[in-house]
Amino acid sequence: MPSTAPHVSRPLSPAPVRRGDFLLVTCQGGAEAALCQRQQDILPLLIKGAWRRGVVTFRLPSLGAGTPHFDPPDDFTPDLIFARAVIRSYGQVSGASDSERIQKLLALTGPAGWDNVHVWQRDHRTEVSPVAIRAALITALAVRLQPADPALQPCVQSSLHTGIDQPMARPGDLVLDCMIDSADRWWVGWHRAASPSSCWPGGIHPVSLPADKVSRAWLKLDEALATFDLTLRPGTRAVELGAAPGGACQRLLEAGLSVVGIDPALVDTRVAALKNFEQWRMRARDVRLKNFRGFDWVVADMNIDPTSTLESIGRIVTASGVRPEGIIATLKLPEWSRADSLGAWLKLFGQWGYSPRARQLSTGGREVCVVALKSAGPAGRRRATRPPGR
Ligand SMILES: C[S@@+](CC[C@H](N)C(=O)[O-])C[C@H]1O[C@@H](n2cnc3c(N)ncnc32)[C@H](O)[C@@H]1O
């Protein structure tokens, strides 16, 4: 009997009979400890297993092991913040050739009706072709690919880690995952696509920076909008704190917003010249609070300590007459250990009357993107509070 998930109306391919005994979670290289800290906070039942740069495995406690049984749902996408891909893993295959590894992979997975295959590299310097491996797997596994939904497909161009034009899964698809660990060793697993990033191979935003964009911040904002499924309504107004050289403002303007960029540094002339854009050339804290009235979005991407970024945002969103519908904030971590304060930082957004979600974006550096939407309920509950953890 095919199963159906509530968020997808079509019948779904049944999950594989062999489920795999552990979770394989990928992250940005260096973020492993932050990822494990978050796992301890929200999924303490998991038992940390093998790890290496950019990958951590967790054993699932099973029946009879003296611990509570935990069998996650097929479309398990826990809010691990630092996780890119979360897959149910069968283990590794190694061998001298792709065909040898594919034979071992088939023995490991057993029969299953995959809807899609995601192949990506743990380290993009490994000299392999994910596209060729994916094509060989599709043939060997007799995967009948469904046409991609054009509404869900962003402008997929070449992507360093995933290869070119690797179509995304659709929500509900049963995906065979193959992460290339090294030229002769692959990790194999599966997941049911659900959240936007679980539809991307390796959870990596499948878009590269178009040549006419003035900074990578364009890409980060593009990924944030896709990851958090945010719709920016044309005609609304955004202010960005830390706007130069202007990639994020470009992305906001392309969405039809009017944008004010605040930065002591100059915004690129190509952005400065755009209709509906204005720069206030100063530091965020030097802008009078009444000037923030009427903005629908506060975006922040300043290269300062996260506590200072939070102070700047808190000052604005708790000011009288200022009540944007959402905040998109980049918290830059001077070192990964500062992620320890993330829980307390996220609580601040709640105290300001916003519901935060956070993710370390695949196009971002050592930083966390927080998207917080205005909570229902009276605005009067807002409190200005100082961020902890400097
Ligand atoms: C990573 S860059 C921002 C990139 C930008 N969002 C884009 O889309 O291209 C960080 C910027 O923060 C600015 N900045 C640092 N402190 C600031 C402050 N207190 N107020 C406003 N901007 C600040 C810096 O001048 C720098 O241009």
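Note that the structure is predicted; figures quoted are calculated from it, not measured. (Residues numbered from 1 in each chain as written. Predicted model: local features only at pLDDT ≥ 70, side-chain atom pairs only at ≥ 80, totals over all residues.)

## Comments concerning the pairing of strand E9 (residues 258-262)
Basically, it comes down to this: As a rule, residues whose C-beta atom has 12 or fewer other C-beta atoms within 10 Å are exposed, those with 20 or more are buried, and those in between are partly exposed; C-beta atoms are placed from the backbone. Under the DSSP-based scheme used, a helix requires at least four consecutive residues in state H or I and a strand at least two consecutive residues in state E, with every element numbered from the N terminus. At least two bridges found by DSSP between two strands are what make those strands a pair. With its strands directed away from the observer, a crossover is right-handed exactly when the path from the first strand over the helix to the second travels clockwise.
Buried residues dominate E9, accounting for 4 of its 5 residues. With 5 bridges connecting them, strand E8 (residues 237-241) and E9 associate as parallel partners. Its bridge partner being in E9, Leu 241 is matched across the sheet by Ile 262. For the handedness criterion, the β-α-β arrangement of E8, helix H5 (residues 247-254) and E9 is classed as right-handed. Where E9 meets strand E10 (residues 277-280), 4 bridges bridge the pair, whose relative direction is parallel. Paired with Gly 261 across the two strands is Gln 279, which belongs to E10.

## Concerning the nonpolar core
Worth spelling out the cut-off: The term nonpolar core means buried Ala, Val, Leu, Ile, Met, Phe, Trp, Tyr and Cys residues held together as one set by C-beta atoms within 7 Å. Throughout, a pair of residues is in contact if the C-beta atoms placed from their backbones lie within 7 Å.
Core analysis: the biggest nonpolar cluster contains 99 residues, and Val 25, Leu 35, Cys 178, Val 298 and Val 370 have the highest contact counts within it. The biggest single contributor to this core is strand E6 (residues 174-182), with 6 residues. If we ignore the near neighbours within four places in the chain, the residues touching Val 298 are Val 239, Ile 313, Ile 316, Val 317, Pro 324 and Ile 327.

## Quick look at the pairing of strand E14 (residues 367-374)
As paired strands, strand E12 (residues 326-332) and E14 are joined by 7 bridges and run antiparallel to one another. For Ile 327, the partnering residue across the bridge sits in E14 and is Ala 372. In this sheet, E14 lies alongside strand E13 (residues 354-359) in antiparallel orientation, the contact comprising 6 bridges. When the bridges of E14 are listed, Ala 358 appears paired with Val 370.

## Looking at the sheet that holds E14
Our working definition: Lines fitted to C-alpha atoms define the axes, with helix axes restricted to the stretch in contact, and inter-axis angles between N-to-C directions lie between 0 and 180 degrees.
The strand order across the open sheet formed by 7 strands is E10-E9-E8-E11-E12-E14-E13, and the pairing between neighbours is mixed. Sheet topology places E10 and E13 at the edges, where each strand pairs with a single neighbour. With direction set aside, neighbouring strand axes in the sheet form an average angle of 20 degrees. Taken strand by strand, helix H7 (residues 306-317) contacts E8, strand E11 (297-300) and E12, and its axis lies near 165 degrees from that of E12.

## Describing the environment of Ser 94
Structurally, Ser 94 can be placed in strand E4 (residues 86-94). With 92 residues separating them in the primary sequence, Ser 94 and Trp 186 have C-alpha atoms 6.4 Å apart. Discounting chain neighbours no more than four positions away, the residues touching Ser 94 are Arg 101, Asp 184 and Arg 185.

## A closer look at the sheet that holds E6
On the basis of which strands lie adjacent, the open sheet formed by 7 strands has the order E2-E3-E1-E4-E7-E6-E5 and mixed pairing. This sheet does not close on itself; its edge strands, each paired only once, are strand E2 (47-52) and strand E5 (116-121). With direction set aside, neighbouring strand axes in the sheet form an average angle of 35 degrees. Pairing of E5 with E6, which is carried by 6 bridges, proceeds in the parallel orientation. When the sheet's bridge partners are listed, His 118 is paired in E6 with Asp 177. Along the sheet face, helix H1 (residues 32-42) touches strand E1 (22-26), E2 and strand E3 (55-59) and points at about 25 degrees away from the line of E3. The sheet contacts of helix H2 (residues 98-109) involve E4, E6 and strand E7 (185-192), and relative to E4 the element is tilted by about 130 degrees.

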